[in-house]
Amino acid sequence: MVGAENVLVDAPARLARATGLSYLDLVRRRRPTVDFPVPDAVVLPADPDEVQAVLDVCVRHDVGVVPFGGGTSVVGGVAALRGEKTSVIALDLVRLDALVSVDAESRIAVLQAGVRGPEAERLLAGHGLTLGHVPQSFERATIGGFAATRSAGQASSGYGRFEDMVTGVRLATPRGPWKLGVAPASAAGPDLRQLAIGSEGTLGVITEVALRVRPAPPVRRYEGYALPGWTAGAEAVRDLAQHHALADVTRLSDVDETEVSLALNAGVKTAALRRYLAARGVRRPCFLIVGWEGTAHDVALRRRETARRLKASGAVRVGKALGESWRHGRFAGPRQRDTLLDMGICVETLETAAYWSNVDELRDDVRAALTAALGKAIIMCHISHAYETGASLYFTVLTARDEADPAGQWQRAKAAACEAIAGLGTISHHHAVGVDHAPYLSAEIGALGVEVLRAAKSAVDPTGILNPGKLV
């Protein structure tokens, strides 16, 4: 059906699609155990029709199907779990790599699900367009993965979250093809596109996504500011958000993350910068990265208002070097993590979001929970995305690895953090639910909400072959 060369059963191919890229995934790859989940085969369809045909076969033979894009999930979203199925395949969408169409008049482009972030930008650039969706997983993650997890890019204040960009979606399901989205807005019942987006491969395999695109920006300007402590920094970001003056990228680091940034940033003259800030009353700085993209006139106009409000908030401008240094190094985290793992460090991230009235309490409670679980640790936090009503908090944790039980060490810490989050914020702002967050979903959406999701799954996947063990 897909060609014998596109059904892989060799060990390297199966292991490469067995898990995502969380700390637990990497630890298990380095220390494989007998229960390491590995698919029985990898199938690589070439187009949406072949995806549907593969699903039809899997329904007939009751084979589990794990959709696989870039493999960047950090919550167990692509783990090759088989649930009650005796067999499971990884359905790798890498061959669905085409730009299907461009409607320049409506500014809509249709991309296949397997197109990776950089390739999407290259394809769109040929038409003078951009998607503007750049999460840290950008280099490897795919269009289908962005949609399936409700991804948020680093410039989402300007371009929007991924679900804001989606105008239509095509899926293959065990019940047949499903296509959604015919107009820019509709009152024809609940928006089922929003059910498909974020479904994490449990309600269908996303094969094509129609996306709102924009003209490629001729100007990109990134710069840095320093604020005197977390409270002042968070207040400044809230002020920007509530006065519609956010930059496209608005990222505030707490004191601990700022200190680590200074220690690692070879492009910044640290001693001179500290003296400069101290002379202006900023002795424990929190760095704020702001970036604008657009025409020269648009960037200058928006930057002027952002800078004016930041100055009124007590921010000290550091300059373009800090902003450009962050922009050029923003994908380095995963590679730094591999090096830290080699050195015996437990290093992982987690994220959440809350209303402004809960942001400080949430940050304090998560930090306290992680410290209690791990003991001596470096716990960094930054506001990664800001809204008029609240913000996302992104935590990075480093501690000495427990060599006797490295997985259990982080699992206990993550559980403590999740318990601290419950009632104050969301269990996930942009990493999705997967396996790791599934136990906390009911507390957020209610038992009835979980039943609604299960009913939807039963409607499109009555035998439960799609991504077993995920979401619900």
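All of these numbers come straight from a predicted model, not from anything done at the bench.

## Digging into the overall build of the protein
A tally of regular secondary structure across the protein gives 17 helices and 18 strands. Counting across all 472 residues of the protein, residues that qualify as buried make up 53%. Of all intrachain contacts in the protein linking residues separated by at least 6 positions in sequence, the fraction that spans at least 24 positions is 76%. Accessible area of the protein: about 20,200 Å², with a carbon and sulfur share of 55%. Charged side chains in the protein number 53 positive and 52 negative. The centres of these two groups are separated by 7 Å.

## Section: the UniProt feature "active site" (unreviewed entry) in the protein
In this numbering, the UniProt entry assigns the feature "active site" (unreviewed entry) to Tyr394. Its place among the elements puts Tyr394 in strand β18 (residues 390-400). Among residues more than four places away in sequence, those in contact with Tyr394 are Gln136, Thr349, Leu350, Glu351, Met380, Cys381, His382, Ser384, His430 and His431.

## A short note on the sheet that holds strand β3 (residues 64-68)
Across the sheet, which stays open at both edges, the 4 strands sit in the order β1-β2-β4-β3 with mixed pairing between neighbours. Strand pairing shows two members of the sheet lacking a second neighbour, β1 (7-8) and β3, which therefore form its edges. Relative to strand β4 (residues 88-92), β3 is paired through 5 bridges, and the arrangement is parallel. Across the sheet, Phe68 pairs through a bridge with Asp92, a residue of β4.

## Things to note about the side chain of His429
Mapped onto the secondary structure, His429 falls in the loop between α16 (406-421) and α17 (441-460). Residue His429 is classed as buried on the basis of its relative accessible area, which comes to 8%. Engagement of the side chain of His429 in a polar contact is seen with the side chain of Tyr387, the distance being 2.7 Å. Setting aside its immediate chain neighbours within four residues, His429 contacts Arg150, Ala152, Arg161, Glu351, Thr352, Ala353, His385, Tyr387 and Ser392.

## Focus on the UniProt feature "site: Important for enzyme activity" (unreviewed entry) in the protein
Following the UniProt record, the feature "site: Important for enzyme activity" (unreviewed entry) maps to Arg251 here. Note that Arg251 resides in strand β13 (residues 249-253). Arg251 has contacts with Glu257, Phe287, Leu288, Ile289, Trp326, His382 and Ile383, leaving out every residue within four places of it along the chain.

## Focus on the domain arrangement of the protein
Here the protein is partitioned into domain 1 (4-92), domain 2 (99-215), domain 3 (219-330) and domain 4 (337-421). Taking only C-alpha atoms into account, the centre of domain 2 sits 30 Å from that of domain 3. Summed over both partners, the interface of domain 2 with domain 3 buries about 640 Å², with 44% contributed by carbon and sulfur atoms. At the boundary of domain 2 with domain 3, the tally comes to 0 salt bridges.

## Some details on the packing of aromatic side chains
Going through the model one piece at a time under the given rule, you end up with 3 aromatic pairs. Here Phe138 and Phe331 contribute two aromatic rings whose centre-to-centre distance is 5.7 Å and whose plane-to-plane angle is 20 degrees, an arrangement assigned as stacked. One end of the pair, Phe138, is in the loop between β7 (129-130) and α5 (143-149); the other, Phe331, is in the loop between α13 (320-329) and α14 (333-342), and 193 residues separate them in sequence. Accessibility expressed as a relative area gives 11% for Phe138, which makes it buried. Arranged with centres 5.4 Å apart and planes meeting at 55 degrees, the rings of Phe146 and Phe162 form a pair that is tilted. Of this pair, Phe146 sits in helix α5 while Phe162 sits in helix α7 (residues 162-165), placing them 16 residues apart in sequence. The class of Phe162 is buried, set by a relative accessible area of 0%. Sitting over the face of the ring of Trp230, Arg363 holds its NZ or CZ atom 4.6 Å from the ring centroid.

## Quick notes on the sheet that holds strand β15 (residues 316-319)
One open sheet accounts for 7 strands, arranged β15-β12-β14-β13-β17-β18-β16; its pairing is antiparallel. The open sheet has two free edges, formed respectively by β15 and β16 (345-355), since each of these has just one partner strand. Within the sheet, the average angular offset between the axes of one strand and its neighbour, ignoring direction, is 25 degrees. Strand direction decides the pairing type here: β13 and strand β17 (residues 378-386), joined by 2 bridges, are antiparallel. Looking at the pairing, Leu252 lines up with Ile383 of β17. Lying over the sheet, α14 contacts β16 and β18, oriented at roughly 135 degrees with respect to β16.

Parameters at a glance
- Residues numbered from 1 in each chain as written.
- Predicted model: local features only at pLDDT ≥ 70, side-chain atom pairs only at ≥ 80, totals over all residues.
- Heavy atoms only, no water.
- Helix = DSSP H or I, 4+ residues; strand = E, 2+ residues; numbered from the N terminus.
- Buried < 20%, exposed > 50% of the residue type's maximum accessible area, 1.4 Å probe, protein only.
- Contact = heavy atoms within 4.5 Å.
- Areas by Shrake-Rupley, 256 points an atom, 1.4 Å probe, with all protein chains shown as cover.
- Lys, Arg positive; Asp, Glu negative; His and termini not counted.
- Charge placed at Lys NZ, Arg CZ, Asp CG, Glu CD.
- UniProt positions renumbered as here; feature names shortened; annotations may be inferred.
- Pairing = 2+ DSSP bridges.
- Polar contact = N/O pair within 3.5 Å; in protein donor to acceptor, adjacent residues only side chain to side chain.
- Domains from an automatic or database assignment.
- Buried area = accessible area lost by both parts, 1.4 Å probe.
- Salt bridge = Lys/Arg side-chain N within 4 Å of Asp/Glu carboxyl O.
- Phe/Tyr/Trp six-rings, centres within 6.5 Å; stacked < 30°, edge-to-face > 60°.
- Lys NZ or Arg CZ within 6 Å of the ring centre and 35° of its normal.
- Axes fitted to C-alpha atoms, helices over the stretch in contact; angles between N-to-C directions.

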